[in-house]
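Residues per chain are reported as follows:
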Amino acid sequence: MKYDLEHEDLISIIKTADDSGLDELCKDIREFLIQKVSKTGGHLASNLGVVELTVAMHKVYDSPRDKLIYDVGHQTYVHKILTGRADQFDTLRKFKGLSGFPKAYESVHDAYDTGHSSTSLGAAAGYAVARNLRGEDNEVVALIGDGAMTGGLVYEALNNIGSSRLKVRIILNDNGMSIAHNVGAMSKHLQGLRSSSNYINAKKSVRNSLNKVPLIGKPISNGISRIKSRIKLSVLDQQGILFEELGIKYIGPVDGYNIPRLTEAFNAANAVDGPTLVHVITTKGKGYSWSEKYPKKFHGVGPFSVDDGNILSSNSSLPELSFSEVFGIKLLELAKEDERIVAITAAMGSATGLGSFYEEFPNRFFDVGIAEQHAALFAAGLAKAGMVPVAPIYSSFLQRAYDQIIEDICIQNQHVVFGVDRAGLVGADGETHHGVFDLSYLSSIPNMTVFAPADGTQLEEMLEYAVKDMSSPVAIRYPRGSAEFEHLKLKPFSGNNIKLSTGTDITILAVGSMLDTALEAARELMSKGYSVGVTNVCVVSPFEVTLTDLDTKLVITIEDNVIRGGFGEAFASSALKKRHRYGLITLGVPDAFIEQGSVKQLHIECGMTAIDIVKGATEYFERKA
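Cut-offs applied
- For every chain, the first residue of the written sequence is number 1, and numbering continues from 1 onward in sequence order.
- For a predicted model such as this one, the threshold for reporting local features is a pLDDT of at least 70, and the threshold for listing and counting side-chain atom pairs is 80 or more; totals across whole chains, interfaces and linings nevertheless cover every residue.
- Only hydrogens and water are set aside when side-chain values are computed; all heavy atoms of the structure are taken into account.
- Every axis corresponds to a line fitted to the C-alpha atoms, with the helix fit spanning only the stretch in contact, and the corresponding angles, defined between N-to-C directions, vary from 0 to 180 degrees.
- The secondary structure listing takes helices from DSSP runs of H or I that are at least 4 residues long and strands from runs of E that are at least 2 residues long, numbered from the N terminus.
- What sets the label is the angle itself: under 35 degrees gives roughly parallel, over 145 gives roughly antiparallel, 65 to 115 gives roughly perpendicular, and the rest give oblique.
- By definition, any crossing whose near helix is turned counterclockwise from its far helix by less than a right angle is left-handed, and any crossing with a clockwise turn is right-handed.
- Throughout, a residue-residue contact means that at least one pair of heavy atoms, one from each residue, lies within 4.5 Å.
- When residue character is reported, Ala, Val, Leu, Ile, Met, Phe, Trp, Tyr, Cys and Pro are called nonpolar, Asp, Glu, Lys and Arg charged, and the others, Gly included, polar.
- Strand pairing is assigned whenever DSSP detects at least two bridges linking the two strands.
- Each nonpolar core is a collection of buried residues, namely Ala, Val, Leu, Ile, Met, Phe, Trp, Tyr and Cys, held together in the definition by side-chain atoms within 4.5 Å.
- Burial classes: relative accessible area under 20% of the type maximum marks a residue as buried, over 50% as exposed, and values in between as partly exposed (1.4 Å probe, protein chains only).
- Directions from the helix axis toward the C-beta atoms define the arc.
- A residue counts toward a patch only above 30% relative accessible area and without a salt bridge, and it is joined to like-charged neighbours within 9 Å or, for Val, Leu, Ile, Met, Phe, Trp and Tyr, to nonpolar neighbours within 5 Å.
- Here the Shrake-Rupley method, with its probe set to 1.4 Å, supplies the accessible areas, and only the displayed protein chains count as covering residues.
- Any carboxyl oxygen of Asp or Glu within 4 Å of a side-chain nitrogen of Lys or Arg constitutes a salt bridge here.
- When charges are tallied, Lys and Arg are placed among the positive residues and Asp and Glu among the negative ones, while His and the ends of the chain are skipped.
- Working definition for charges: the position is that of NZ of Lys, CZ of Arg, CG of Asp or CD of Glu.
- A pair of aromatic rings is counted whenever rings of Phe, Tyr or Trp (Trp by its six-membered ring) have centres within 6.5 Å, and the orientation is called stacked for planes under 30 degrees apart, edge-to-face for over 60 and tilted otherwise.
- Cation placement over rings: the criterion is NZ of Lys or CZ of Arg within 6 Å of the ring centroid and within 35° of the ring normal.

> Sorry, what's going on with the packing of helix α2 (residues 19-40) against helix α4 (residues 51-60) here?
Two quantities define a packed helix pair, namely the angle between the axes and the distance from one axis to the other. Direction vectors running N to C along α2 and α4 enclose 130°, while the axes themselves pass 10 Å from each other. With respect to each other, α2 and α4 are oriented oblique. Between α2 and α4 lies a crossing whose hand is right-handed. Facing α2, whose interface residues are Leu 22, Cys 26, Ile 29, Arg 30 and Leu 33, α4 presents Val 51, Glu 52, Val 55 and Lys 59. Residue composition of the contact of α2 with α4, by class: 6 nonpolar, no polar and 3 charged.

> Looking at this structure, I do not really get the sheet that holds strand β12 (residues 498-499). What am I missing?
Strands belonging to one sheet form pairs held by backbone hydrogen bonds; the direction of such a pair is parallel or antiparallel. The sheet built from 5 strands is open, its strands ordered β12-β14-β13-β16-β17 with mixed pairing. Only two strands of the sheet have a single partner each, and these edge strands are β12 and β17 (583-589). Bridge analysis of β12 against strand β14 (residues 532-537) gives 2 bridges, and the strand direction is antiparallel. By the bridge assignment for β14, Lys 499 is matched with Thr 535. Lying over the sheet, helix α23 (residues 567-577) contacts β13 (506-511), β14, β16 (554-562) and β17, oriented at roughly 145° with respect to β16. Together, β13, β16 and β17 form the strand contacts of helix α25 (residues 610-624), whose direction differs from that of β16 by roughly 145°.

> Sorry, what's going on with the sheet that holds strand β6 (residues 341-345) here?
In spatial order, the strands read β7-β6-β8-β9-β11-β10-β15; together these 7 strands make up an open sheet with mixed pairing. The outermost strands of the open sheet, each flanked by one partner alone, are β7 (365-367) and β15 (539-541). Taking each pair of neighbouring strands and ignoring which way they run, the sheet shows an average axis angle of 20°.

> What is the right way to read the nonpolar core from this model?
Soluble globular proteins tend to pack their nonpolar side chains together in the buried interior. Ile 29, Leu 33 and Phe 266 are the most contacted members of the largest nonpolar core, which has 52 residues in total. Among the elements that line this core, the one with the most residues is α2, at 8 residues. If we ignore the near neighbours within four places in the chain, the residues touching Leu 33 are Ser 38, Leu 44, Asn 47, Leu 48, Val 51, Tyr 77, Val 78, Ile 81 and Phe 89. Core analysis: the second largest hydrophobic core is formed by 43 residues, Ile 344, Leu 382, Met 448 and Phe 571 among them.

> Whenever I open this one, the environment of Tyr 465 confuses me. Can you help?
Positionally, Tyr 465 belongs in helix α21 (residues 456-468). Take Tyr 465: its relative accessible area is 23%, and that puts it in the partly exposed class. With residues up to four places along the chain from it excluded, the contact list for Tyr 465 reads Phe 451, Met 470, Phe 493, Ser 494 and Gly 495.

> Which parts of the structure should I look at to understand helix α19 (residues 402-410)?
Turn by turn, an α-helix covers 3.6 residues, leaving residues three or four places apart pointing in a common direction. Within α19, burial applies to Gln 404, Ile 405, Asp 408, Ile 409 and Cys 410. Down the axis of α19, the buried set is contained in an arc of 155°. They therefore lie on one face. Summarising the contacts, the buried residues of α19 are in contact with α17 (372-384), α18 (395-398), β9 (417-421) and α20 (438-443).

> Teacher, can you tell me more about a negative patch on the surface here?
Taken together, the side chains of Asp 18, Asp 19, Asp 23 and Glu 24 make up a negatively charged region of the molecular surface. Looking at the element boundaries, Asp 19 is found in helix α2. Under the relative-accessibility criterion, Asp 19 is labelled partly exposed at 42%.

> I would appreciate a short explanation of the pattern of salt bridges in the present structure.
Pairing between side chains of opposite charge can happen when their charged atoms approach one another. Going through the model one piece at a time under the given rule, you end up with 30 salt bridges. Across the salt bridge formed by Arg 85 and Asp 110, the nearest N and O atoms sit 2.8 Å from each other. A residue pair is termed long-range when its members are at least 10 positions apart, and Arg 85 in helix α5 (residues 77-85) and Asp 110 in the loop between α5 and α6 (120-134) qualify at 25 residues. Classification of Asp 110 as buried rests on a relative accessible area of 5%. A salt bridge links Lys 96 to Glu 595; its shortest N-O distance comes to 2.9 Å.

> I tried to follow unusual backbone geometry on my own but got confused; where do I start?
Glycine aside, residues mostly have negative phi, and peptide bonds are mostly found in the trans state. Gly 252 connects to Pro 253 through a cis peptide bond whose omega is 0°. Along the chain, the position of Pro 253 falls in strand β4 (residues 249-255). Phi at Ala 347 takes a positive value of approximately 65°, unusual for a residue other than glycine. Topologically, Ala 347 is positioned in the loop between β6 and α16 (355-360). The phi dihedral of Arg 579 is positive, around 60°, even though this residue is not glycine.

> Whenever I open this one, the packing of aromatic side chains confuses me. Can you help?
Each aromatic ring pair is specified by the distance between its two centres and by the angle formed by the two planes. Within the structure shown, the criterion is met by 26 aromatic pairs. Taking 6.1 Å as the distance between ring centres and 40° as the angle between the ring planes, the aromatic pair formed by Tyr 61 and Phe 266 counts as tilted. Residue Tyr 61 is found in the loop between α4 and β1 (67-70), and its partner Phe 266 is found in helix α13 (residues 259-270); the two are separated by 205 residues along the sequence. An angle of 85° between the planes, with centres 5.2 Å apart, marks the rings of Tyr 620 and Phe 621 as edge-to-face. Cation over ring: Lys 286 sits above Tyr 257, and NZ or CZ is 4.8 Å from the ring centre. Stacked on the ring of Tyr 294, the Lys or Arg Lys 297 has its end atom at 5.8 Å from the ring centre.

> Even after reading the chapter, I still don't get the side chain of His 43, so can you show me in this structure?
On the secondary structure map, His 43 appears in the loop between α2 and α3 (44-48). Residue classification places His 43 among the buried residues on the basis of a relative accessible area of 5%.

So, in structure tokens, the structure goes:
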């Protein structure tokens, strides 16, 4: 039978359907996902891999009474379909549409909003304690991927859960990948766990047999339990020892596509009066040949052709290089000249442009996993030992390493170079992924220099300057997408801001990639008879005090960062101290979390367009008149 995913009560169906009915439902969900995401784009491979797993979760657990918490949230599309949101999938990740991540405002079934990795276990621990304090008896379930197990937050939470004996049900979705292939000791440990379930089966068989023996069976069984740690450590070292030693009952590995086995494992976990971990083996991209073959490509994919898996592009011209690609190409060039240069990634090597660096210098390339705090600390150690570590990390992910940037890098004035990728408004991933705080949180740290290139050429020049001409911490922040811009070539970067023109009426100070917007506004204002100057603000911190010394009537600053704590506020503070008398308008991201949508839509929403600059300037002079 064919299920009407957009109108039927799928939760009720799951609770009552037999195995064959559930298999049909899973097939329909996969077809639905492929068709919808091929048009909207989104996180396809991760969701195709967890269809049966999600169905089994909803069969055993009673959402929203039982709390289902998803780590990162990439894999919640199936959950959203099952909880009544299939009819909104045409708006997936679009402006004012269905989010690609769990959102409590969308549904009571979304127990916890996520977007970053390694957080579900800590949130689940909080939920479990609150449940206990209220005397309730619902289940708290945390689904986490094996890639997220590289994050330190996981082990802090595991330690808390195990030592407190919190009744949390952990489901480990093990597909052997995050965005890049997983690295590190935990990944190797999980590979071993995938290989055999002999220990679990043998233990269950021996216990069942002994318990049937009259009088002496139970004492023998209890005696065996007392020495199980010794047995596991000495003989069966390929099983879930790590979790068991933390006080968390390990169950698995379980086939992630066998719904009866999954429900059996979840029910067995629920019978344990304490924390449990069910280890589920899945395949990223399951059920669609192209995503199975290229899971990295289909992790986060744009609209594509279902027939051949090719990405659909509206541009027929040659593809433009992105800022990430420019960064990677330039870093490789510099590394060929200087063997002290090493590259660090937090499980995002290809995404941040480091693929070629890894191929050329694998022994100087370090993927630390989803562990930004460690990446920063690791970089500090490398710098202290005389290397030149360069670490491109997404702006919103670098937030996680704030303490290490201060304590281990800036206080010690270490020569670490950060590429702050995806700075500014990034589009469809929404609040959790916009990089709109980095100017504020980095510029406030002593010893930190913050550059903001206006285009790819300036990014190359800044990276070379940061590596060769500096010996202190540097952050170069750049947006997602094309590094090509409309403005004419700027004069070479030499560590200072660049004045393009002088205006006696209006001066526009444009931070980084906002330069084209400023130039567009300047042209419009000059056509109205105003004298307009534009400065390329490419050095945000330390603040250049002489920037405020302007013979002009109005200054307008524009940046793709929150206004609070950003460049505009720094400029206003400095101008006030020097008692400059020109008017001032600061444009940027308002004091709010910005939703998903195209970057163009979000710039309009935030009042960060050329039209907004022109409107602000003309209204100012109308008021003056």
